[in-house]
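# Structural overview
Read off the chains here:
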Amino acid sequence: MPIVTFESSDGAIKKTVAAPNGGALADLCDDHEAPIPFSCRSASCATCHIEILEGAEALLPPEDEELDVLDAIDAKPPKYRLACCAKLKAGAGTVRVRAQNEY
Ligand code: FES
């Protein structure tokens, strides 16, 4: 099952959780109080901008609305994603992400 570690922007807070069935990163953050900030939750503000430090291949590819926001802030997938949009594939994998904005 995917194991995901969320890190705050300064790396001081880390939370590692299991995601047995994959799914939305935002749901994992909510369920486990991960140190990733959110605002709009609908691919418009970029508050949830994250860097994928490890395991980008365990995420489904970004859809158009996420790509538009990433492009607007000059952030390129697969290294950068939006936590309100990114979804984990089901199956094995280790993912480590770091917030780009303060939690
Ligand atoms: S919370 Fe606004 S783009 Fe993700």
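Structural notes, computed from the coordinates. Everything numeric in this text was worked out from a predicted model, so none of it was measured.

## Considerations on the overall build of the protein
- When helices and strands are tallied, the protein shows two helices and seven strands.
- Along its sequence from the N terminus, the protein presents helices and strands in the succession β-β-β-α-β-α-β-β-β.
- Here the C-alpha radius of gyration of the protein, 12 Å, is about what a compact globule of 103 residues would show, namely 13 Å.
- Taken along its principal axes, the extent of the C-alpha atoms in the protein is 35 × 25 × 20 Å.
- Split into buried and exposed, the 103 residues of the protein put 42% on the buried side.
- Considering only contacts in the protein between residues 6 or more positions apart, those separated by 24 or more positions represent 65%.
- When the accessible surface of the protein is totalled, it reaches about 5400 Å², and 46% of it is carbon and sulfur.

## Topic: the nonpolar core
- Ranked by internal contacts, the top residues of the largest apolar core, which has 30 residues, are Val4, Phe6, Leu25, Leu28, Ile36, Phe38 and Leu88.
- Of all elements in the fold, only strand S1 (2–7), helix H1 (25–32), strand S4 (49–54), helix H2 (64–72) and strand S7 (93–99) reach the threshold of two or more residues within this core.
- If you tally residues by element for this core, the top one is H1, at four residues.
- Excluding anything up to four places from it in sequence, Phe6 contacts Ile13, Lys14, Lys15, Val17, Leu25, Leu28, Cys29, Ala34, Pro35, Ile36 and Val97.

## Things to note about H2
- Among the residues of H2, Glu66, Val69 and Leu70 are the ones counted as buried. The buried residues of H2 occupy an angular sector of 100 degrees when the element is viewed end-on, so they sit on one face. Exposed side of H2, more than 90 degrees from the buried face: Asp64, Asp68, Asp71 and Ala72 are the residues found there.
- For H2, the elements touching its buried residues are S4 and strand S5 (80–82).
- Backbone geometry just after H2 places Asp74 at a positive phi near 60 degrees.

## Remarks on the side chain of Ser8
- Relative to the assigned elements, Ser8 resides in the loop between S1 and strand S2 (14–18).
- A distance of 3.3 Å separates a polar side-chain atom of Ser8 from the backbone nitrogen of Ala12.
- Among residues more than four places away in sequence, those in contact with Ser8 are Ile13, Pro35, Arg98 and Ala99.

Cut-offs applied
- Within every chain, residues take consecutive numbers counted from 1 along the sequence as written.
- With the structure being a predicted model, the display of local features is reserved for residues of pLDDT at least 70 and the display and counting of side-chain atom pairs for 80 or more, all residues being used for whole-chain, interface and lining totals.
- Excluded from the side-chain calculations are hydrogens and water; all other atoms, namely the structure's heavy atoms, are used.
- In DSSP terms, a helix is any run of H or I states spanning at least four residues, a strand is any run of E spanning at least two, and both are numbered starting from the N terminus.
- Each radius of gyration reported is based on C-alpha atoms, and the globular scaling rule is 2.2 Å times the count of residues to the power 0.38.
- Type-normalised accessible area, obtained with a 1.4 Å probe on protein chains alone, sets the label of each residue: buried when under 20%, exposed when over 50%, and partly exposed for intermediate values.
- Whether two residues touch is decided by their heavy atoms; if any such pair falls within 4.5 Å, the residues are in contact.
- Throughout, the Shrake-Rupley method with a 1.4 Å probe supplies accessible areas, and for residues the shown protein chains are the sole cover considered.
- Each nonpolar core is a collection of buried residues, namely Ala, Val, Leu, Ile, Met, Phe, Trp, Tyr and Cys, held together in the definition by side-chain atoms within 4.5 Å.
- To obtain the arc, one takes the directions from the helix axis to the C-beta atoms.
- In the analysis that follows, any N or O atom pair within 3.5 Å is treated as a polar contact, provided that within protein one partner can donate a hydrogen and the other can accept it, and provided that, for residues neighboring in sequence, both atoms belong to side chains.

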